[in-house]
Amino acid sequence: VWRGHYQFMPREWLDPAPAAVFINSRDAGPFRIYVVPEGYLELEKMGYDSYDLSDPEKDMLFQRSRMLGFGLNGVEGITGEITMLDTRRYAKIMNIITESDDGRRIELSTADRVKAWQSSRNRNLLSMMNVKYIISSFNFGPPWKKVFETKPAEDEDIMTYVYENTEVLPRVYFADNASFAEPDEAKAWEAFLAIKNFKNTTLIECESCVNPGRPNSKDGLEIIKNDPGYITIKTRTQNPRYLVYSESNLPYWEARIDGEMAPIRMANYTYQAVLIPPGEHLVEFQYPGPITQFKYSLQNLIR
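Residues numbered from 1 in each chain as written. Predicted model: local features only at pLDDT ≥ 70, side-chain atom pairs only at ≥ 80, totals over all residues. Heavy atoms only, no water.

### Quick look at the sheet that holds strand 6 (residues 178-181)
So, point 1. Within the open sheet, the six strands sit side by side as 5-10-14-13-7-6. Their pairing is mixed. Strands at the two margins of the open sheet, each flanked by one partner only, are strand 5 (172-174) and strand 6. Adjacent strand axes in the sheet meet at a mean angle of 35°, parallel and antiparallel pairs treated alike.
So, point 2. Looking at chain direction, strand 10 (residues 241-245) and strand 14 (residues 271-276) are connected through five bridges and run antiparallel. (Pairing = 2+ DSSP bridges. Helix = DSSP H or I, 4+ residues; strand = E, 2+ residues; numbered from the N terminus. Axes fitted to C-alpha atoms, helices over the stretch in contact; angles between N-to-C directions.)

Have a look at this one:
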């Protein structure tokens, strides 16, 4: 607001990018996006040979087309949501996704980078992390589905594409099958890497694990309220089921089933899950305010 008021930068630099406008108008559900960094060598290969960091106007126009702001929730946490704080576990997953596509490696060709982003491993991890849309200037093929394209600046030839991930897992879902691991980071990491398809298997960390019941066609859930740090879900199940909430399992998160506190299990190495009993229930996940956080911290110090 103050930048606009004092005219420190043009209005068009602050307006939402076309890609962000398209995504927000197309999908109101909870999802995440990933922006693939091109790297300057790839930009030159694709025709952006006049790219100049010393020209702030061109630089801003180009970056604006892929910016993670404007209300979009990105896996890299640029939106500043509390659940996307860079925990050690979360950072390890991000490193796996990007290690085969390091934009700083000059020997990596554009074709190799595209191949890396279409790998089954990256698709599996991005789907688990609820990445429904990918923004990139690379021309991807299936299974990514191109749904939008735009030019970032009138005088350049670089296109910006929006791809939809049709394999994405929802932010909240019932685990059809559970694979169990001890709540030990090293052992859980090995078990996490062994899962080839998170749509079929969810990793649950627990000391005394309870096997869930079988899925039923009558099972269902409905998100009643979804705010930063708080979500309410109405569930209906025929058997006990693990409800997965794909938000980082930071310390002090609380879960309640019909108002009663419920233990949170680590799911898929970094997210949250609770075991839901049969029947209809109201489930809440909440990240407490500063006062409650202080109380928890004080209790830990006393121990």
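Right, picking up where we left off after that structure.
### Structural notes on the pairing of strand 8 (residues 220-227)
So, point 1. Here strand 8 runs beside strand 9 (residues 230-237); their pairing, made up of seven bridges, is antiparallel. Looking at strand 9, one finds that aspartate 227 is bridged to tyrosine 230.
So, point 2. Between strand 8 and strand 9, which pair antiparallel in sequence order, lie two residues; one of them, glycine 229, sits at a positive phi of approximately 80°.

### Observations concerning the side chain of arginine 123
So, point 1. Of note, arginine 123 is situated in helix 8 (residues 120-128).
So, point 2. Once you skip the residues sitting within four places of it in the chain, arginine 123 turns out to touch Gln118, Pro143, Trp144 and Glu167. (Contact = heavy atoms within 4.5 Å.)

### Here's the deal with the sheet that holds strand 2 (residues 131-136)
So, point 1. Spatially, 1-2-4-3 is the arrangement adopted by the four strands of the open sheet, whose pairing is mixed. Only two strands of the sheet have a single partner each, and these edge strands are strand 1 (32-35) and strand 3 (145-150). Averaged over all neighbouring strand pairs, the angle between strand axes comes to 25°, with direction disregarded.
So, point 2. Note: strand 1 against strand 2, four bridges, orientation parallel. Its bridge partner being in strand 2, isoleucine 33 is matched across the sheet by tyrosine 133.

### Digging into the environment of asparagine 249
So, point 1. Tracing the chain through its elements places asparagine 249 in the loop between strand 10 and strand 11 (254-257).
So, point 2. With 21 residues separating them along the chain, asparagine 249 and threonine 270 place their C-alpha atoms 5.9 Å apart.
So, point 3. Those residues in contact with asparagine 249, other than ones at most four positions away along the chain, are Ile264, Arg265, Met266, Thr270, Tyr271 and Gln272.

### Notes on the state of the cysteines
So, point 1. Applying the stated rule across the entire model yields one disulfide.
So, point 2. At a sulfur-sulfur separation of 2.0 Å, the disulfide partner of cysteine 206 is cysteine 209. Judged by the sign of its S-S torsion, about 120°, the cystine formed by cysteine 206 and cysteine 209 is right-handed.
So, point 3. In this structure cysteine 209 comes out as partly exposed when scored by relative accessible area, which is 31%. (Disulfide = S-S within 2.5 Å. Buried < 20%, exposed > 50% of the residue type's maximum accessible area, 1.4 Å probe, protein only.)

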